[in-house]
Structures are given as structure tokens and as C-alpha cells.
Amino acid sequence: MGMVHIKTDTSIEAMREAGRVVAQILTRAREVAAVGVTPRQLDEAAREVLRAAGASSPFLNYKPHFAPTPFPATVCVSVNDAVVHGIPSAEPLRDGDLVSVDTGAILDGWAGDSAVSFTVGEARPADTRLITTANRALEAGIGAAVVGNRIGDIAHAIGTVCRTAGYGILEGYGGHGIGRSMHEDPSVPNEGQPGRGMPLRHGMVLAIEPMLIGGGGDEFRHDEDGWTLRTTDGSRASHAEHTVAITNDGPRILTAL
């Protein structure tokens with residue numbers, strides 16, 4: 001475990017402004033997304049929001065150790081069996097597609113990170129249940145993000161919702177600290193033991209993000225692009241994420257509108 005940066009109340013306010021931009025991007029993406037629209041058009045819409053806000057993208061040109069190439073867009077658009085990290089394509093969205101959009105913003109040197117999943121056109125009941133469960137898992141994780149709890153309490157809250165509903169959890173991936181950069185310590189698993197791990201204290205800021213696999217397995221495979229993670233069983237997936245500040249007054253969602 002590396003260095004965890006505790007934020008001042010002033011820094012949290014600054015992160016709230018970055019988070020607001022992220023919320024605006026996701027709102028715009030949902031407005032634009034429709035049958036026949038391409039994920040690349042969602043990326044263009046996101047760039048417009050960033051420009052208008054005077055913010056930059058922590059996603060664009062991001063190159064972690066596992067990636068063969070820098071990420072070429074400002075949003076990840078993951079469709080159907082793609083769980084996360086989908087590169088926006090020119091393939092039009094089809095009726096009933098399950099779409100997960102993950103994005104971030106950097107404003108005045110502070111980062112925000114959030115994701116939402118939704119259906120375009122007519123939703124399958126199974127997809128609606130999957131998306132709803134991801135949102136419930138996120139809410140449970142946020143609810144556990146209180147001073148005096150531990151990282152394991154967040155992980156346990158998320159995992160319990162996912163497993164009880166019969167879903168898989170993307171193996172080896174989870175949430176993370178966030179601040180001056182998009183990914184900081186600590187890591188926030190989506191499954192774990194209550195009462196374990198780092199104690200939560202006022203001023204910690206975490207990106208909490210359940211990633212659910214509809215088929216119940218946890219396995220995934222990488223696409224040839226080296227970025228997109230897909231379910232190995234071909235089942236659909238859902239992703240939900242907020243940036244959350246842990247405060248003495250309870251968890252504060254920084255990526256709400």
C-alpha cells in the first residue's frame with residue numbers, strides 16, 4: 001500500500017467542481033445516446049463539455065502499464081459484453097444495447113471520475129435488473145464509506161449486493177483513491193471482508209465502482225485493442241461509479257450534478 005493523500009476541506013470543494021463537470025459529461029452522453037448514434041459521437045459530445053468547462057481529460061492519452069497504446073478518447077464506452085475500458089467506435093448503437101460510459105475531468109488540477117450504465121432503445125428486463133443492481137451496489141458501497149469503517153467494509157457492502165443477486169464481479173478490478181491524479185492509493189476492491197483493510201478517515205477521497213457480470217462468472221478477456229475487457233461467457237455487464245469524499249458528516253458524492 002502506497003501513500004494515501006488526505007484532502008483538506010478546500011481541496012474537496014475544488015474536487016466537487018471537477019466532479020460536477022464529470023456529471024455534466026455523463027448527462028450529455030445519455031442525452032446524445034440513441035439507436036443509430038455511434039460511441040464516437042458520445043466522445044465528441046464529452047469533448048464539447050470539457051472545452052466549455054475549461055477542463056481537461058485524464059482519460060485521453062492515458063497509458064497504464066497493461067495498455068499497448070495510449071487511450072485515444074475522453075470517455076470509455078463499453079457496449080453489451082464489454083465490461084469496462086471500451087474504446088469509442090464508429091459502430092452505431094442498436095436497439096436494446098446496454099451501454100456503460102465511464103469518464104473523468106481535471107479542473108484546476110483536481111480529478112473526478114464517474115460511470116453510468118443505461119440501455120438505448122427498448123431495454124431487456126434482464127439488463128434493467130443488472131443496471132439497477134450495479135447502482136444498488138454503488139449505493140451500498142457509498143453507504144459504508146464512513147469515518148471509522150475500513151476499506152473492507154466498502155468492499156463487503158458492494159460484494160454482498162452483487163453476489164446476492166447472482167452476478168459476477170470483474171476479477172482483479174475495483175475502485176481507487178483519487179485527487180491530483182485519477183488513480184491514487186488505496187485500491188477499493190468490489191468484494192472483501194468487513195472490518196479489514198485501511199481505516200477510513202475524514203479527507204480521504206475514493207472512486208467507488210462496482211463492475212458486474214450478468215452471467216455470474218468473474219472471468220474476462222482482453223480485446224485485440226488491448227483495452228476493452230469483455231466477459232468470457234458473452235453475458236452483458238454493468239458499471240456504476242462515483243467519486244466520494246469521506247467526511248465527518250458522512251460520505252459526500254462529488255460527481256453528482
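Quick note: structure is the one above.
Residues numbered from 1 in each chain as written. Predicted model: local features only at pLDDT ≥ 70, side-chain atom pairs only at ≥ 80, totals over all residues. Heavy atoms only, no water.

**Q** Got a sec to walk through the sheet that holds strand E14 (residues 250–253)? Specific residues and values, please.
**A** Here 5 strands make up an open sheet; going across it, the order is E7-E6-E8-E13-E14 and the pairing antiparallel. The open sheet terminates on both sides in strands that have one partner only, identified here as strand E7 (184–189) and E14. Neighbour to neighbour, the strand axes of the sheet diverge by 30° on average, direction disregarded. Inspection of the sheet shows strand E13 (residues 242–247) paired to E14 by 4 bridges, in the antiparallel sense. Looking across to E14, one finds that Val 244 is bridged to Ile 253. Sitting on the sheet, helix H4 (residues 151–164) touches E7 and strand E8 (205–208), and the angle it makes with E7 is about 40°. (Pairing = 2+ DSSP bridges. Helix = DSSP H or I, 4+ residues; strand = E, 2+ residues; numbered from the N terminus. Axes fitted to C-alpha atoms, helices over the stretch in contact; angles between N-to-C directions. Contact = heavy atoms within 4.5 Å.)

**Q** Can you break down the pairing of E13 residue by residue, with the values?
**A** The buried count for E13 comes to 6 of 6 residues, which makes it a mostly enclosed element. Neither face of E13 is left uncovered, since the one carrying His 242, Val 244 and Ile 246 and the one carrying Thr 243, Ala 245 and Thr 247 both have all their residues buried. Pairing of E8 with E13 involves 4 bridges; the strand directions are antiparallel. Bridged to Ile 208 within E13 is His 242. In this antiparallel pair of consecutive strands, E13 and E14, the connection spans 2 residues. (Buried < 20%, exposed > 50% of the residue type's maximum accessible area, 1.4 Å probe, protein only.)

**Q** A description of the pattern of salt bridges should follow, citing residues and the corresponding values.
**A** The full count for this structure, using the stated rule, is 11 salt bridges. Across the pair Glu 17 and Arg 20 runs a salt bridge whose closest N-O atoms are separated by 3.2 Å. Here Glu 17 and its partner Arg 20 are both found in helix H1 (residues 9–32), 3 residues apart, which amounts to about one turn of the helix. For Arg 20, a relative accessible area of 28% puts it in the partly exposed group. (Salt bridge = Lys/Arg side-chain N within 4 Å of Asp/Glu carboxyl O.)

**Q** Any chance you could break down the packing of aromatic side chains for me, citing the residues and the numbers?
**A** Each aromatic ring pair is specified by the distance between its two centres and by the angle formed by the two planes. The final tally for this structure, using the stated rule, is 3 aromatic pairs. Between Phe 71 and Trp 227 the ring centres are 5.0 Å apart and the planes differ by 75°, which places this aromatic pair in the edge-to-face class. Residue Phe 71 is found in the loop between helix H2 (39–53) and strand E1 (75–79), and its partner Trp 227 is found in the loop between strand E10 (220–222) and strand E11 (229–231); the two are separated by 156 residues along the sequence. Look at Trp 227 and you get buried, because its relative accessible area is 3%. Consider the rings of Tyr 173 and Phe 220, whose centres lie 5.6 Å apart with planes at 80°: the pair is edge-to-face. Separated by 47 residues along the polypeptide, Tyr 173 in the loop between strand E5 (168–169) and strand E6 (174–177) and Phe 220 in strand E10 bring together distant segments of the chain. The exposure class of Tyr 173 is partly exposed, given its relative accessible area of 22%. Aromatic rings pair up to connect Phe 66, Phe 71 and Trp 227 into one cluster. (Phe/Tyr/Trp six-rings, centres within 6.5 Å; stacked < 30°, edge-to-face > 60°.)

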